[in-house]
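# Survey of secondary and tertiary structure
Each chain is listed here by its residues.
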Amino acid sequence: MPRIITVAAAQLGPLQKADTRQVAVERMMRLMERAQTRGVELVVFPELALTTFFPRHYHEDIGEADGWFEHAMPSNETAPLFALARKLGIAFHLGYAELAEETDETGSLRKRRFNTSILVNGRGEIVLKYRKVHLPGHAEFDPKRKVQHLEKRYFEVGNLGFPVIRAPIGGLSGINMGMMICNDRRWPEAWRVLGLQGVELVTLGYNTPSLNMDAAGFEAHHLRVFHSHLSIQAGAYQNATFAVATAKAGTEDGCELFGHSIIVNPQGEIMAQATSWDDELITADCDLDMCTLGRTTIFAFDKHRRPETYTRITEQIGAVEPPVWSRDTPTHRRSTDLA
Ligand code: CDV
């Protein structure tokens, strides 16, 4: 019996600062209805899908930003999306800003803010939650930048790792599902941690500006989309998984986001790609048995991985300079000898 699931990336066009949650949810519901007419079983919405990408806006007092966060999920505003999913029997991935009342590592109960995504099954139950690990940007107002990127101000680093769950989705009794959020897709470590749990379908949402806003050097415009696709295609191929990557696109609060949502197969091929910078649904039939070839041959991890040579990856954060060669440098120096 082939294991085929029909998936969609439900790209959203821009959401402006003044747009309410109701506006966003209405648009997502229209996309979900369209998905149903195409036989879709899982719909993937973008990162922070309920509001404009608010980390571009500076609030001196972080508490003032609480209005951008969801205090419950489902909330009054998102309940209609959950209800529609239940009615249509469609699973969905939703990205949002989460405000949780939770104990931290020191044991104190406090407000905690995360850039979060959830996977909801066709019965409206949350089956997986992920909190973004790789937070780009900066924590303080940066006068050098034309546009701020204050994710490090508003969010804590995700504390759930990169979990994978085997869950019934659509007509299939079990799919190994994992999630990432935006910048995570650029980090091979994130993909590999999912791959090591046998992930078959990675869902991720993103908000990526068309221009590099770091003001730290020239980056040609066309490379922005290239780097996004390169990362997703490589991650999917090297971990023998499907990936659905959904953008928020178009000009939001005067800042352009590049769209180009894609669905990728375990060979790293793009199966579908968005062409507008607006609300747009792209779909693909994913035969999960395609994951088997990669994971039993080139990427049969149990046969070929050599973790004893990868210790730097978990023991070191930044790059260290290598020794400078001289005639006395031992040629048998091991890369695992930490500086
Ligand atoms: N929302 C993001 O994580 N955006 C980053 C940008 C800032 C580079 C990204 O990796 O797409």
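The written sequence of each chain sets the order in which its residues are numbered from 1. Only residues with pLDDT of at least 70 get local features here, since the model is predicted, and only at 80 or more are side-chain atom pairs given and counted; chain-wide, interface and lining totals rely on the full set of residues. Remark: hydrogens and water are excluded; side-chain values derive from all non-hydrogen atoms of the structure.

Our focus in this paragraph is unusual backbone geometry. Backbone geometry follows two general trends: most residues other than glycine have a negative phi, and most peptide bonds adopt the trans configuration. A cis geometry characterises the amide bond from Met-73 onward to Pro-74, with omega recorded as 0 degrees. Helix and strand assignments follow DSSP, with helices taken as H or I runs no shorter than four residues and strands as E runs no shorter than two, numbered in order from the N terminus. Note that Pro-74 resides in the loop between strand E2 (42–44) and helix H2 (79–88). In this structure, Leu-48 is a non-glycine residue whose phi angle is positive, near 40 degrees. Take Leu-48: it is sitting in the loop between E2 and H2. Positive phi outside glycine occurs at Ala-240, with the angle close to 50 degrees.

Remark: nonpolar core denotes a set of buried residues (Ala, Val, Leu, Ile, Met, Phe, Trp, Tyr, Cys) joined through side-chain atoms within 4.5 Å. Only protein chains enter the accessibility calculation, which uses a 1.4 Å probe. A residue is then buried if its area is under 20% of the maximum for its type, exposed if over 50%, and partly exposed in between. Core analysis: the biggest nonpolar cluster contains 47 residues, and Ile-5, Leu-42, Ile-169 and Ile-263 have the highest contact counts within it. In terms of residue count, strand E7 (residues 172–181) provides more of this core than any other element does, six residues in total. Counting residues in hydrophobic clusters, the runner-up holds 28 residues, among them Ala-24, Leu-50, Ile-90 and Leu-94.

Before going further, it helps to examine the sheet that holds strand E6 (residues 164–169). Any two strands with at least two DSSP bridges between them are considered paired. The strand order across the open sheet formed by six strands is E6-E7-E8-E9-E12-E13, and the pairing between neighbours is mixed. Two strands close off the open sheet at either side, each with one partner strand: E6 and strand E13 (270–273). Between one strand and the next, the sheet's axes are offset by a mean angle of 25 degrees, whatever the strand orientation. Taken together, the six bridges between strand E8 (residues 201–206) and strand E9 (residues 242–247) define a ladder with parallel strand orientation. The residue bridging Val-202 from the neighbouring strand is Ala-243, located in E9. Note on contacts: a residue pair qualifies if any of its non-hydrogen atoms lie within 4.5 Å across the two residues. The axes used here are C-alpha line fits, helices contributing only the stretch in contact, and every angle between their N-to-C directions lies in the interval 0 to 180 degrees. Helix-sheet contacts for helix H4 (residues 188–195) involve E6, E7, E8 and E9, and the interaxial angle to E7 is about 160 degrees. Against the sheet, helix H5 (residues 222–238) engages E8, E9, strand E12 (262–264) and E13, with an angle of about 25 degrees to E12.

Turning to H2, its buried residues are Leu-81, Phe-82, Leu-84 and Ala-85. End-on, the buried residues of H2 take up no more than an arc of 160 degrees, which puts them together on one face. On the buried face of H2, the contacting elements are helix H1 (21–37), strand E3 (91–103), strand E4 (109–120) and strand E5 (126–131). The positive-phi residue at the C-terminal boundary of H2 is Gly-89, with phi of around 70 degrees. It is the directions from the helix axis to the C-beta atoms that the arc portrays.

This part is about the state of the cysteines. Throughout, disulfides are identified as pairs of cysteine sulfur atoms within 2.5 Å of each other. What the rule picks out here adds up to zero disulfides. Not part of a disulfide, Cys-255 finds its nearest cysteine sulfur in Cys-182, a span of 12 Å. Lacking any disulfide linkage, Cys-286 is separated from the closest cysteine sulfur, that of Cys-291, by 8.7 Å. For Cys-286, a relative accessible area of 0% corresponds to the buried category.

Our next topic: the environment of Gly-95. With respect to the helices and strands, Gly-95 occurs in strand E3. A relative accessible area of 2% means that Gly-95 is categorised as buried. The spacing of Gly-95 and Leu-119 is 24 residues in sequence and 9.2 Å in space, taken between C-alpha atoms. Excluding anything up to four places from it in sequence, Gly-95 contacts Pro-46, Glu-47, Leu-48, Ala-49, Leu-50, Thr-116 and Ser-117.

Here Gln-148 shows up in the loop between E5 and helix H3 (151–154). Judged by relative accessible area, which is 7%, Gln-148 ranks as buried. Polar contacts here mean pairs of N or O atoms no more than 3.5 Å apart (in protein, one a potential hydrogen donor and the other a potential acceptor; neighbouring residues in sequence count only if both atoms are side-chain atoms). Of the polar contacts made by the side chain of Gln-148, one reaches the backbone oxygen of Asp-142; its length is 2.8 Å.

Read from one edge to the other, the open sheet built from six strands follows the order E5-E4-E3-E2-E1-E14, with strand pairing classed as mixed. At either margin of the open sheet sits one strand with a lone partner, and together these are E5 and strand E14 (280–287). Between one strand axis and the next, the sheet turns by 35 degrees as a mean value, whatever way the strands run. Note: strand E1 (residues 4–11) against E14, eight bridges, orientation antiparallel. Directly across from Ile-4, in E14, lies its bridge partner Asp-287. Across the sheet, H2 touches E3, E4 and E5, and the angle it forms with E3 is around 135 degrees.

Looking down a regular strand, the side chains alternate between one sheet face and the other. Counting buried positions along E9 yields six of six residues, so the element is predominantly enclosed. Neither face of E9 is left uncovered, since the one carrying Phe-242, Val-244 and Thr-246 and the one carrying Ala-243, Ala-245 and Ala-247 both have all their residues buried. Bridging between E9 and E12 involves three bridges; their strand directions are antiparallel. Bridged to Ala-243 within E12 is Val-264.

Attention now goes to the site of the ligand. We call a residue near a given molecule or strand whenever any one of its heavy atoms falls within 4 Å of it. Around the ligand lies a shell formed by Glu-47, Phe-53, Lys-132, Pro-136, His-149, Glu-151, Cys-182, Asn-183, Arg-185, Arg-186, Asn-207 and Thr-208. Within the contact set of the ligand, a nitrogen atom lies 3.3 Å away from a side-chain nitrogen or oxygen of Glu-151. A distance of 2.7 Å is found between an oxygen atom of the ligand and a side-chain nitrogen or oxygen belonging to Arg-186. Alone, the ligand offers 320 Å² of accessible surface; in the complex the protein occludes 89% of this. The residue classification treats Ala, Val, Leu, Ile, Met, Phe, Trp, Tyr, Cys and Pro as nonpolar and Asp, Glu, Lys and Arg as charged. All others, Gly included, are polar. Broken down by class, the residue content of the shell around the ligand amounts to three nonpolar, four polar and five charged. Exposure was quantified through the Shrake-Rupley algorithm and a 1.4 Å probe, taking into account, for residues, occlusion by the shown protein chains and nothing else.

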